[in-house]
Amino acid sequence: SPYSQSFLEAASIMSQLSHKHLVLLHGVSLGKDSVMVQEYVRYGPLDLYLKKNQGEGKVTTSWKLQVEDKKITHGNVSAKKVLLTREGDAASGSPPFIKLNDPGVSVTVLAKEMLVERIPWVAPECLNDPKSLALPADKWSFGVTLWEIFSGGNMPVSLLEPQKKLDFYQNSLQLPAPKWAELAALIAQCMDYRPHCRPCFRALIRDLNSLITSDYELLLDLSPADVMLRDSFWGYEPLAMCQDPTYFEERHLKYISLLGKGNFGSVELCRYDPLGDSTGELVAVKKLQQHSAKELQDFEREIQILHSLQHDFIVQYRGVCYSRGQRGLRLVMEYLPNGCLRDYLQKNEPRLDHRALLLYAWQIGKGMEYLGAQRCVHRDLASRNILVESETHVKIGDFGLAKLLPQDKDYYVVREPGQSPVFWYAPESLADNVFSRASDIWSFGVLLYELFTYGNKSKSPSEEFLRMMGTEKTVQIICHLLQLLKDNRRLPAAAGCPMEVYTLMLSCWAFTPGSRPTFGELVPKIQALRDSFFFKPLG
Ligand code: 953
């Protein structure tokens, strides 16, 4: 494959080179998984090292690229590819020592989306024509790497979504200039959009050396005040973005376990660990199972919808991860350690009284009332899509089928029927694929039923309805279900379910959408019922 060929080329280049500032290649091992055997470099990638030691005022001394003489292009210069051999020590005056790592897969064979991912390190001219990779491209990357090092291993542009990254180059933008004028000038010279205008490495090294001798002492002992000054140099905005990411880098998302899997997506527990020391926080990451254009577009809408929502009873959007282009789009959410409500009800039935169930119903109702006010229809309200934050707090946890209502209509007609189990569907959804806030109310009634059966599998809506039907094929099931509902058959009252609660369910299951209550009307009724149960023992 072009990747393994590129890998061998990188190895071949590294094997021809020997320099104290280049990582030494011991050899390669070829096979199913080819590996390069390199010297061990103690402190690892410079960008992570800088981030870990942010605010401590450690500053690296100059580092030199002397491949120019050999007319070899590296093609992937960045702080990630710089390894730290020795830390600097201000007290003894010994400077840090770094080595440039192998370039990895060459930009000349990478897919366009991977190139976009490498913005701003990849030179603008290589984006349109990767074959134009030459020494000037390394000079650009060198400028970006300088900026990266002096900003403490941060690179705000790398966290932008792909289109914004492209816009950055299209508009010939520059990184925020540091206030240290000489350094700013050096970076600006390297990051010239005209490749032939970038200075040669000899001149760069000369300029860097003069910078080091002029300000090195001063920079080695940054007081806290200096650190604040340095941070304000770089403009607070882009750096604040790195500290509070809504764009998650794939390489820092460490997979821990699978939380759930559906027809369209799966949700994984990950640790977002940018420092690589397991101190990062746990997050829930949703990704697609399939990657057709339609699914991708729906997923992008789902992300937009969740991003726009903020409510106590709706799972919190944390950000997105764009890895390996579009295929790797992921939705990052807060992690709720108690999982989905259906399983939680099954496990904790003995501890959960009717007041607890009505509290969940009230919270979901509040969340749905808010959702409706945003003109959003959920379309898949069921206990499997509710997450448990704590024994007294639940959240609507998934918006995979959610739609925003058009301005001129209060309903939505979908082309794909039966995307979620039909036993939660209102009759108009079964008959005509019509979804509305009133059809969400129907599903809420079924969810209430699930609550009061404690998620019991043998009493689940599917089992109950199928018992009323016998064995049939999907299309027949839908027709039969619709007929049952027309005949005014409904799910039964669960054993021990209070009559008032069952009455509430039945009101949600009014055949005509207009006859069902709204969430605004339902929520106070649930509250009143809950209050009335205060003094009643478990029935
Ligand atoms: Cl709630 C939910 C809906 C859909 C999916 C799917 F199909 F995309 F994988 C998964 C989930 C889900 N999220 C589960 C589950 N058991 O299906 C568990 C979670 C979960 C657990 C903890 N925190 C968060 N989500 N945010």
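Treat the numbers as computed from the prediction; the structure is a model and nothing was measured. (Residues numbered from 1 in each chain as written. Predicted model: local features only at pLDDT ≥ 70, side-chain atom pairs only at ≥ 80, totals over all residues. Heavy atoms only, no water.)

1. Description of the overall build of the chain
Point 1. Regarding its fold elements, the chain presents 19 helices and 15 strands.
Point 2. Classification of the 539 residues of the chain by burial places 52% in the buried group.
Point 3. Of all intrachain contacts in the chain linking residues separated by at least 6 positions in sequence, the fraction that spans at least 24 positions is 65%.
Point 4. Total accessible area computed for the chain in this model is approximately 25400 Å², and 54% of it derives from carbon and sulfur atoms. (Helix = DSSP H or I, 4+ residues; strand = E, 2+ residues; numbered from the N terminus. Buried < 20%, exposed > 50% of the residue type's maximum accessible area, 1.4 Å probe, protein only. Contact = heavy atoms within 4.5 Å. Areas by Shrake-Rupley, 256 points an atom, 1.4 Å probe, with all protein chains shown as cover.)

2. Regarding the site of the ligand
Point 1. The environment of the ligand is formed by 17 residues, the closest being Leu-259, Gly-260, Gly-262, Glu-334 and Leu-336.
Point 2. Here Leu-259 contributes a backbone N or O atom positioned 3.1 Å from a nitrogen atom of the ligand.
Point 3. Separating a nitrogen atom of the ligand from a backbone N or O atom of Leu-336 is a distance of 2.9 Å.
Point 4. Here the ligand, which alone exposes 540 Å², has 89% of that area covered by the protein.
Point 5. Grouping the constituent residues of the shell around the ligand by class yields seven nonpolar, five polar and five charged. (Near = heavy atom within 4 Å. Polar contact = N/O pair within 3.5 Å; in protein donor to acceptor, adjacent residues only side chain to side chain. Nonpolar A, V, L, I, M, F, W, Y, C, P; charged D, E, K, R; others polar.)

3. Re the confidence of the model for the chain
Point 1. Chain-level pLDDT for the chain is 84 on average; 87% of the residues reach the 70-or-more range.
Point 2. In the predicted structure, residues 55-69 sits below a pLDDT of 50 and forms 46 contacts with residues beyond four places in sequence or in another chain.
Point 3. For the stretch residues 216-244, pLDDT sits under 50, and the model shows 44 contacts to residues farther than four places along the chain or on other chains. (pLDDT = per-residue confidence, 0-100.)

4. Here's the deal with the packing of helix α18 (residues 499-508) against helix α19 (residues 519-532)
When two helices pack together, you describe them by how their axes are tilted relative to each other and by the distance separating the axes.
Point 1. The contact between α18 and α19 brings their axes to 11 Å, and the two run at 170°. The angle between α18 and α19 places the two elements in the roughly antiparallel class. In contact with Glu-500, Val-501, Leu-504 and Cys-508 of α18, α19 contributes Leu-522, Lys-525, Ile-526 and Leu-529.
Point 2. Class assignment for the residues of the contact of α18 with α19 results in six nonpolar, no polar and two charged. (Axes fitted to C-alpha atoms, helices over the stretch in contact; angles between N-to-C directions. Parallel < 35°, antiparallel > 145°, perpendicular 65-115°, else oblique.)

5. Overview of the nonpolar core
Point 1. One finds Leu-341, Ile-364 and Phe-444 to be the most contacted residues of the largest nonpolar core, which totals 82 residues.
Point 2. Not counting residues up to four positions away in its chain, the partners in contact with Phe-444 are Ala-361, Ile-364, Gly-365, Leu-381, Cys-508, Phe-519, Leu-522 and Ile-526.
Point 3. Formed by 45 residues, the second largest nonpolar core is a distinct cluster that contains Leu-110, Leu-127, Leu-146 and Leu-208. (Core = buried A, V, L, I, M, F, W, Y, C linked by side-chain atoms within 4.5 Å.)

6. Notes on unusual backbone geometry
Point 1. Note the cis peptide between Ile-119 and Pro-120, where omega equals 10°.
Point 2. With respect to the helices and strands, the residue Pro-120 is situated in the loop between α3 (112-117) and α4 (124-128).

7. Details of the packing of aromatic side chains
Point 1. Considering all chains together, one arrives at 10 aromatic pairs under this definition.
Point 2. Residues Trp-140 and Tyr-193 carry aromatic rings whose centres are separated by 5.1 Å and whose planes lie at 75° to one another, so their mutual orientation is edge-to-face. Taken as a pair, Trp-140 in helix α5 (residues 135-150) and Tyr-193 in the loop between α7 (181-190) and α8 (201-220) lie far apart in primary sequence, 53 residues in all.
Point 3. Residue Trp-140 is classed as buried on the basis of its relative accessible area of 0%.
Point 4. Clustering of aromatic rings is evident, with ring pairs tying together Trp-140, Phe-168, Tyr-169 and Tyr-193.
Point 5. Just above the ring of Phe-435 sits the side chain of Arg-379; from NZ or CZ to the centre is 4.4 Å.
Point 6. The ring of Trp-424 carries Arg-384 above its face, with NZ or CZ at 4.5 Å from the centroid. (Phe/Tyr/Trp six-rings, centres within 6.5 Å; stacked < 30°, edge-to-face > 60°. Lys NZ or Arg CZ within 6 Å of the ring centre and 35° of its normal.)

8. A short note on α19
The periodicity of an α-helix, 3.6 residues per turn, causes residues three or four positions apart to be oriented the same way.
Point 1. The end-to-end C-alpha distance of α19, which contains 14 residues, comes to 20 Å, matching closely the 20 Å that a straight helix rising 1.5 Å per residue would cover.
Point 2. Among all positions of α19, only Phe-519, Leu-522, Val-523, Ile-526, Leu-529 and Arg-530 are buried. Buried residues along α19 cover an arc of 130° about the axis, so they all sit on one side.
Point 3. Check the buried side of α19 and you find it contacts α13 (354-373), α15 (437-452) and α18. (Expected span 1.5 Å × (residues − 1). Arc of directions from axis to C-beta.)

9. Structural notes on the sheet that holds strand β5 (residues 253-261)
Point 1. With antiparallel pairing, five strands are arranged side by side in an open sheet as β5-β6-β7-β9-β8. Each having just a single partner strand, β5 and β8 (317-323) make up the two edges of the open sheet. Strand-to-strand twist across the sheet, computed as the mean angle between neighbouring axes with direction ignored, equals 30°.
Point 2. Of the strand pairs in this sheet, strand β6 (residues 265-272) and strand β7 (residues 281-288) are connected by eight bridges, and their pairing is antiparallel. Directly across from Cys-270, in β7, lies its bridge partner Val-283.
Point 3. Across the sheet, helix α11 (residues 293-308) is in contact with β7, β8 and β9 (328-334); its angle to β9 comes to roughly 25°. (Pairing = 2+ DSSP bridges.)

10. Points about the pattern of salt bridges
Point 1. Evaluation of the coordinates by the stated rule reveals 22 salt bridges.
Point 2. Salt-bridge contacts for Glu-334 lead to Lys-395; the nearest nitrogen and oxygen are separated by 2.8 Å. Taken together, the positions of Glu-334 in strand β9 and Lys-395 in strand β12 (residues 393-396) put the pair 61 residues apart, joining distant regions of the chain.
Point 3. With a relative accessible area of 14%, Glu-334 lands in the buried category. (Salt bridge = Lys/Arg side-chain N within 4 Å of Asp/Glu carboxyl O.)

11. As for the pairing of strand β11 (residues 386-390)
Point 1. Bridge count between β11 and β12: four bridges; the pairing is antiparallel. When the sheet's bridge partners are listed, Leu-387 is paired in β12 with Lys-395.
Point 2. The antiparallel pairing of β11 with β12 creates a hairpin that spans two residues between the two strands.

12. Section: a nonpolar patch on the surface
Point 1. There is a patch of nonpolar side chains on the surface, built from Leu-8, Val-28 and Leu-30 and spanning about 260 Å² of accessible area.
Point 2. In this fold, Val-28 is placed in strand β1 (residues 25-29). (Patch = residues over 30% accessible without salt bridge, like charges linked within 9 Å, V, L, I, M, F, W, Y side chains within 5 Å.)

13. Quick word on α15
Point 1. Spanning 16 residues, α15 covers 23 Å between terminal C-alpha atoms, matching the ideal 22 Å at 1.5 Å per step.
Point 2. Summarising burial for α15: 15 of the 16 residues are buried, a large majority.
Point 3. Its side-chain oxygen at 3.1 Å from the backbone nitrogen of Ala-438, Ser-436 defines the N-terminal cap of α15.
Point 4. A positive phi of about 50° marks Tyr-454, the residue just after α15.

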